[in-house]
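Descriptive analysis of the structure
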Amino acid sequence: MADPRSATPDSPASPDSPATTDSPADPVRLPDVLRFLAELVAWVAAPWALAGISPWLSAAALLLLIGLPTVLATPGDKKQVIVPVPGYVTVGLVLLQLVAAVAGAWAAWPARAAVPVTVLAAACLVTERPRWRRLVAARP
């Protein structure tokens, strides 16, 4: 019986070794990181700002900010698409997240916290432009 550590790349992995794939892992890109951070801020800041008005409004904002981008996606932009939408809808959802992050931060937090959120959103606007061009140009 052959030693599993001496297996060639063309041979299947042994049951004891971790599974490997033929394709390399997707690299982490700066626009993705900035967009994710902005989404996290939106998920916290917008409901926080709306909580003083109504807990129901706060919950609705959180549901929309998380639920819409989860359900609606442009084919080719995500690995799993539940409801396919044109690229401009995905761009609009990202813009909604950025507006919610900035408006929520300025409404709920002091300027020393809201200014970095605004800078993050501006950086996201700049780094997302190539993706948005690709999304808008794609045919659904």
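Above this note sits the structure.
Quick look at the structure, then. (Residues numbered from 1 in each chain as written. Predicted model: local features only at pLDDT ≥ 70, side-chain atom pairs only at ≥ 80, totals over all residues. Heavy atoms only, no water.)

Examining the packing of helix α3 (residues 87-108) against helix α4 (residues 111-137)
Using the following cut-off: Axes here mean lines fitted to C-alpha atoms, for a helix over just the part in contact, with angles spanning 0 to 180 degrees between N-to-C directions. A run of H or I in DSSP counts as a helix once it spans at least four residues, and a run of E counts as a strand once it spans at least two, with each numbered from the N terminus. Oblique is the label for every angle not falling under 35 degrees (roughly parallel), over 145 degrees (roughly antiparallel), or within 65 to 115 degrees (roughly perpendicular).
Across the interface, α3 lies against α4 with an axial gap of 9 Å and an inter-helix angle of 175 degrees. Classified by the angle their axes make, α3 and α4 are roughly antiparallel.

Let's talk about the packing of helix α1 (residues 30-51) against α3
Quick reminder of the rule: Each helix crossing is assigned a hand: it is left-handed if the near helix lies turned anticlockwise from the far helix by less than a right angle, otherwise right-handed if that turn is clockwise. Throughout, a contact is declared for two residues whenever any of their heavy atoms are within 4.5 Å.
Here α1 crosses α3 at 50 degrees, and the two axes come no closer than 7 Å. Here α1 is positioned oblique relative to α3, judged by the angle of their axes. Here α1 and α3 pass one another in a crossing that is left-handed. Within the contact between the two elements, α1 uses Arg35, Ala38, Glu39, Val41, Ala42, Trp43, Ala45, Ala46, Trp48 and Ala49 and α3 uses Val94, Gln97, Leu98, Ala100, Ala101, Gly104, Ala105, Ala107 and Ala108.

Section: the packing of aromatic side chains
Note the following rule: Any two of the Phe, Tyr and Trp rings considered here, Trp counted by its six-membered ring, make a pair once their centres fall within 6.5 Å; the pair's planes then place it as stacked at under 30 degrees, edge-to-face at over 60, or tilted in between.
Counting across every chain of the model gives 1 aromatic pair. Taken together, a centroid distance of 5.6 Å and an interplanar angle of 80 degrees make the contact between Trp48 and Trp109 edge-to-face. Of the two residues, Trp48 sits in helix α1 while Trp109 sits in the loop between α3 and α4, which places them 61 residues apart along the sequence.

Some words on α3
What counts here: Working rule for helices: expected span equals 1.5 Å times residues minus one. Remark: exposure states derive from per-residue accessible area (1.4 Å probe, protein chains only) relative to the maximum for the residue type, with buried under 20%, exposed over 50%, and partly exposed in between.
Taking 1.5 Å of rise per residue, 22 residues should cover 32 Å, and α3 covers 31 Å from first to last C-alpha, within 8% of that figure. Those residues of α3 not exposed but buried are Gly87, Thr90, Val91, Leu93, Val94, Gln97, Leu98, Ala100, Ala101, Gly104 and Ala105. Those residues of α3 hidden inside the fold are in contact with α1, α2 (55-71), β1 (72-73) and α4.

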